[in-house]
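Descriptive structure summary
Residues per chain are reported as follows:
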Amino acid sequence: MRALHLAIAATAVLAAGQALAVGIDLSKPYGDKYGCINRNGQQVAADKMLLLTDKELITAASACTFSDKQPQADGSLVVTAKCEAEGEEGQAPAKFTIKRSAKNAKKLVVADEDGNVMGEVARCK
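So, how was this worked out
- Residues numbered from 1 in each chain as written.
- Predicted model: local features only at pLDDT ≥ 70, side-chain atom pairs only at ≥ 80, totals over all residues.
- Heavy atoms only, no water.
- Pairing = 2+ DSSP bridges.
- Helix = DSSP H or I, 4+ residues; strand = E, 2+ residues; numbered from the N terminus.
- Disulfide = S-S within 2.5 Å.
- Buried < 20%, exposed > 50% of the residue type's maximum accessible area, 1.4 Å probe, protein only.
- Contact = heavy atoms within 4.5 Å.
- Polar contact = N/O pair within 3.5 Å; in protein donor to acceptor, adjacent residues only side chain to side chain.
- Salt bridge = Lys/Arg side-chain N within 4 Å of Asp/Glu carboxyl O.

1. A look at the sheet that holds strand E1 (residues 30-31)
If you trace the 8 strands once around the closed barrel, you get E1-E2-E3-E4-E5-E6-E7-E8, paired in antiparallel fashion. As judged from the 3 bridges shared by strand E2 (residues 50-52) and strand E3 (residues 56-59), these two strands associate in the antiparallel manner. If you follow Leu 51 over to E3, its bridge partner there is Ile 58.

Here it is in C-alpha cells:
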C-alpha cells in the first residue's frame with residue numbers, strides 16, 4: 001500500500017513539474033515591433049523597445065541579465081536580474097513577472113516588481 005501511495009505522490013509531482021514546464025517558454029525571443037527588429041543587435045533606433053530572451057530583458061534605456069527564473073503555480077515566471085541603465089554606472093538588482101496576456105494567449109506581458117506593466121511582447125518571427 002505504501003508503494004502505491006509513493007507512486008501516486010511521484011506521479012503528482014511529475015505532473016506538477018510538467019504543468020510548470022508548459023508555463024512560459026523563452027527558448028525563442030519575444031519582443032515588440034522594435035525589439036524583434038533589434039534582436040540581433042541595434043539595427044533601428046527606437047525610443048520604445050522591448051526584447052525578452054531566455055537570458056535577458058532589453059528596453060530602449062536598459063539591459064537586464066537574468067540570474068534566476070522561478071516558475072510560479074499560476075504559470076507565470078518571476079525573474080531576478082541585474083540591470084544596467086543607460087547613462088548610469090553599475091548594475092542594480094530587479095525582479096520582473098512574465099505572464100501570458102489575458103487578451104492574447106500567444107503574447108506575454110512583462111511587469112516590474114511593483115506590478116507596472118512594461119509592455120506586451122509576441123514571439124519574434
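2. A short note on the state of the cysteines
Under the counting rule described, the total for this entry stands at 2 disulfides. Linked covalently through their sulfurs, Cys 64 and Cys 83 form a disulfide whose S-S length is 2.0 Å. A torsion of 115 degrees about the S-S bond marks the disulfide between Cys 64 and Cys 83 as right-handed. Taken together, the residues Cys 64 in strand E4 (residues 62-71) and Cys 83 in strand E5 (residues 77-85) connect sequence positions 19 residues apart. Judged on exposure class, the residue Cys 64 and its partner Cys 83 are both buried. Taken in N- to C-terminal order, the disulfide-linked cysteines of the protein are connected 1-4, 2-3.

3. Examining the environment of Glu 84
Mapped onto the fold, Glu 84 is located in strand E5. Note on Glu 84: relative accessible area 43%, which makes it partly exposed. Distance from Glu 84 to Ala 61, taken between C-alpha atoms, is 8.7 Å for residues 23 residues apart in sequence. Not counting residues within four places of it along the chain, the set of residues in contact with Glu 84 comprises Ala 61, Ser 62, Ala 63, Gly 90 and Gln 91. Only 3.1 Å separates the side chain of Glu 84 from the side chain of Gln 91, close enough to count as a polar contact.

4. Points about the side chain of Thr 53
Structurally, the position occupied by Thr 53 is in the loop between E2 and E3. In terms of polar contacts, Thr 53 uses its side chain to reach the backbone amide nitrogen of Lys 55, at 3.1 Å. Ignoring sequence-local partners within four residues, the contact set of Thr 53 consists of Leu 26, Pro 29 and Phe 66.

5. Concerning the pattern of salt bridges
Evaluated as defined, the whole model comprises 3 salt bridges. When the shortest N-O distance is used, the salt bridge between Asp 25 and Arg 123 registers 3.8 Å. Taken together, the positions of Asp 25 in the loop between helix H1 (2-22) and E1 and Arg 123 in strand E8 (residues 117-123) put the pair 98 residues apart, joining distant regions of the chain. Residue class for Asp 25 comes out partly exposed when judged on its relative accessible area of 38%. In this structure Arg 123 comes out as partly exposed when scored by relative accessible area, which is 35%. Among the ionic pairs, Glu 120 bridges to Lys 107, the shortest N-O distance being 4.0 Å.

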